[in-house]
Amino acid sequence: MAKRTLRTLVGASLLAAASLVQAQDAKTVAITQIVEHPALDAVYQGIKDQLAEQGYKEGENLTILHESAQGNAAIASQIARKFVGENPDVIVAIATPSAQTVAAATKNIPVVFSAVTDPVGAKLVRSLEAPGGNITGVSDMLPIEKHIDLLQRVMPEAKRIGTVYNPGEANAVSLVNLLDERLAARGLTLVKAAATKTSEVLGAARSLVGDVDAIYLTTDNTVISAAEAVISVGERAKIPVFAADTATVERGAVAALGFNYYEHGRQTGQMVYRILQGAGTADMPVETMDTLDLFVNPDAAERMGITLSDDLIRDAKEVIRNNP
């Protein structure tokens, strides 16, 4: 009886020790996302899948807190403060506005941003090579020159290019300024239409009708959340709409040469994993993506009054067919 009791006590002690180790190994990652749209949703999924692949599985040894600000900066600030109060092991901020609110809320908890175009311009890091604080991440700075090359390949006669953007979003302003500069260098004109919230996107797009030959959409979160509004204007006015992200081609844009945002998320997840394993953020360089995929939508092109060449369609990684 005494031996059995001893074995029982020893077994209970081992189980308790195992539970303690498991508890010590368990991690919490808080993910704040400025808005829900296909590209950013893909980032979120990529982060989770990468962490699971490397041993951090939600519901086992990983707790994920995830909230979307629904495009509202005030809500993003509330989420940031809430997450800081939870004291997670890492906070992940998807898109520039969310990253800025988290940066303002904590200087101690490690922060990894994702889908941030200009982290230096947004004052998130000191430099890409040496962030210098508690924040690092993965940038989706756009290859603007290649995007203009694509637009001119499809529409060599286009002279006036329209864009809709949110002047209150640092990411959007950086991209529009760069786009303006690069178009001017080619003798092209950028026509800007402002939309400070998604409900204003349709009106902004309509203001471009009669004044532009084509519309180009950056990764501005406000605008991409309402991309269908711009696409509907393009179809009615026969103004081809080009995009910076491939997910918008699936929603009806003519073409895009862009990143795979799911892979962008996985790259972000790899950085989160390294931090969970003990790496610091201050000397972890900001990463970028090099691989670009060409997506084309011949049906959308026809609806907007142009025909994509056979050679462009052959060059595409994905050819989207979505006749209404």
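Structure's up top.
All figures in this text were calculated on a predicted structure; none of them were measured in a lab.

Caption draft 1: Representation of the pattern of salt bridges within the structure. With the rule as written, the count across this model stands at 15 salt bridges. Two residues, aspartate 293 and lysine 317, come together in a salt bridge whose shortest N-O distance is 3.6 Å. Taken as a pair, aspartate 293 in strand β12 (residues 293-296) and lysine 317 in the loop between α13 (310-315) and β13 (318-319) lie far apart in primary sequence, 24 residues in all. Since its relative accessible area comes to 10%, aspartate 293 is described here as buried. We classify lysine 317 as exposed; its relative accessible area is 55%.

Caption draft 2: How the structure looks around the pairing of β12. Side chains Asp293 and Phe295 project from β12 onto one buried face, and the interleaved Leu294 and Val296 project onto a second face that is buried too. Pairing between strand β10 (residues 255-258) and β12: 4 bridges, direction antiparallel. When the bridges of β12 are listed, glycine 258 appears paired with aspartate 293. Here 2 bridges tie β12 to β13, and the two strands are oriented parallel to one another. Its bridge partner being in β13, valine 296 is matched across the sheet by valine 319.

Criteria and thresholds
- Residues numbered from 1 in each chain as written.
- Predicted model: local features only at pLDDT ≥ 70, side-chain atom pairs only at ≥ 80, totals over all residues.
- Heavy atoms only, no water.
- Salt bridge = Lys/Arg side-chain N within 4 Å of Asp/Glu carboxyl O.
- Helix = DSSP H or I, 4+ residues; strand = E, 2+ residues; numbered from the N terminus.
- Buried < 20%, exposed > 50% of the residue type's maximum accessible area, 1.4 Å probe, protein only.
- Pairing = 2+ DSSP bridges.

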